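Descriptive analysis of the structure
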Amino acid sequence: MAMYTIEIDETFDVPRRRVFALFADHHRFGKLLGAPVKRIKDSDQADPNGIGSVRKIGIGPVGLEETVTNFEPDSLIEYTITSMSPIRNHLGRIRFEDTPEGHTRVNYTITFEDIVPFTGKVVSSALEQGIRRGIKRVPRLA
């Protein structure tokens, strides 16, 4: 069983509040990734996308469910896959910070282990490509 880590670090000339709002809203996050995403369970927090909210990514039986496990407005979102999946011990962590120039730095890390040998490499590379492609859309979508 291998452990995989994806780390993406990008800075945008967009206010942090707007960048966070884009990542926090499950539906808009889907637009960013270019995948259908739907919130299927609301959080009990003030923000319906907060801790305990669940989003479904994908269509029908091939969809994954992710649950938000940590949510600090304008600074942190953590989530994990809570449905059956080919990977385990998955954690997504997105941090938002101001840079000295007044830009927004996004540090996005994902860690997971594969269950079936070598599938992790494929999943990791597909995930990273999708996120890197999507994150370029931040200035346009935020």
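Note: the structure precedes this text.
So, here is what we can say about the structure in this document. Source: prediction; values computed, not measured.

Turning our attention to unusual backbone geometry. At Asp74, a position not held by glycine, the phi torsion is positive, near 65 degrees. Locating Asp74 in the fold gives a position in the loop between β4 (64-72) and β5 (76-81). Classification of Asp74 as partly exposed rests on a relative accessible area of 28%. Residues other than glycine seldom take positive phi values, yet Asn89 does so here, at roughly 50 degrees. With respect to the helices and strands, Asn89 occurs in strand β6 (residues 87-98).

A separate point is the sheet that holds strand β2 (residues 37-41). Through backbone hydrogen bonds, the strands of a sheet pair up, either in parallel or in antiparallel fashion. Across the sheet, which stays open at both edges, the 7 strands sit in the order β1-β7-β6-β5-β4-β3-β2 with antiparallel pairing between neighbours. For this open sheet the edge positions go to β1 (3-12) and β2, each flanked by a neighbour on one side alone. For this sheet, the mean inter-axis angle between neighbouring strands, taken without regard to orientation, is 20 degrees. Relative to β5, β4 is paired through 6 bridges, and the arrangement is antiparallel. Bridging from a neighbouring strand, Glu66 pairs with Ile81 of β5. Those strands touched by helix α1 (residues 16-24) are β4, β5, β6 and β7 (104-114), and its axis lies near 160 degrees from that of β6.

In this structure, the largest pocket spans a volume of roughly 460 Å³. Lining of the largest pocket is provided by 24 residues; of these, Leu33, Ile57, Leu64, Glu66 and Leu127 occupy positions nearest its centre. Every element with two or more residues in the lining of the largest pocket is listed here: α2 (26-33), β3 (54-57), β4, β5, β6, β7 and α3 (119-135). A total of 5 residues in the lining of the largest pocket trace back to one element, the largest contributor, which is α3. When the residues that make up the lining of the largest pocket are grouped by side-chain class, the tally is 17 nonpolar, 5 polar and 2 charged.

Within the secondary structure, Glu78 sits in strand β5. Its relative accessible area of 11% is what places Glu78 among the buried residues. Here the side chain of Glu78 touches Arg93 through a polar contact of 2.5 Å, side chain to side chain. Once you skip the residues sitting within four places of it in the chain, Glu78 turns out to touch Thr67, Val68, Thr69, Asn70, Leu91, Gly92 and Arg93.

Looking now at the packing of aromatic side chains. Applying the stated criterion across every chain yields a total of 6 aromatic pairs. Centroid distance Phe23 to Phe96: 5.5 Å. Interplanar angle 70 degrees. Geometry classified as edge-to-face. Here the residue Phe23 occupies a position in helix α1, and Phe96 occupies one in strand β6, the gap between them amounting to 73 residues. On the accessibility criterion, Phe23 (3% relative accessible area) is buried. Note on Phe96: relative accessible area 2%, which makes it buried. For the ring pair Phe23 and Tyr108, a centre distance of 6.3 Å and an interplane angle of 70 degrees mean the geometry is edge-to-face. Of this pair, Phe23 sits in helix α1 while Tyr108 sits in strand β7, and the two are 85 residues apart along the sequence. What links up through ring pairs into an aromatic cluster is the set Phe20, Phe23, Phe29, Phe71, Phe96 and Tyr108.

What counts and what doesn't
Residues numbered from 1 in each chain as written. Predicted model: local features only at pLDDT ≥ 70, side-chain atom pairs only at ≥ 80, totals over all residues. Heavy atoms only, no water. Helix = DSSP H or I, 4+ residues; strand = E, 2+ residues; numbered from the N terminus. Buried < 20%, exposed > 50% of the residue type's maximum accessible area, 1.4 Å probe, protein only. Pairing = 2+ DSSP bridges. Axes fitted to C-alpha atoms, helices over the stretch in contact; angles between N-to-C directions. Contact = heavy atoms within 4.5 Å. 1 Å grid on protein atoms, 1.4 Å probe; cavity = no way out; pocket = protein on both sides within 12 Å on 5 of 7 lines; lining within 4 Å. Points joined across faces, edges and corners; volume = space filled by probe spheres on them. Nonpolar A, V, L, I, M, F, W, Y, C, P; charged D, E, K, R; others polar. Polar contact = N/O pair within 3.5 Å; in protein donor to acceptor, adjacent residues only side chain to side chain. Phe/Tyr/Trp six-rings, centres within 6.5 Å; stacked < 30°, edge-to-face > 60°.

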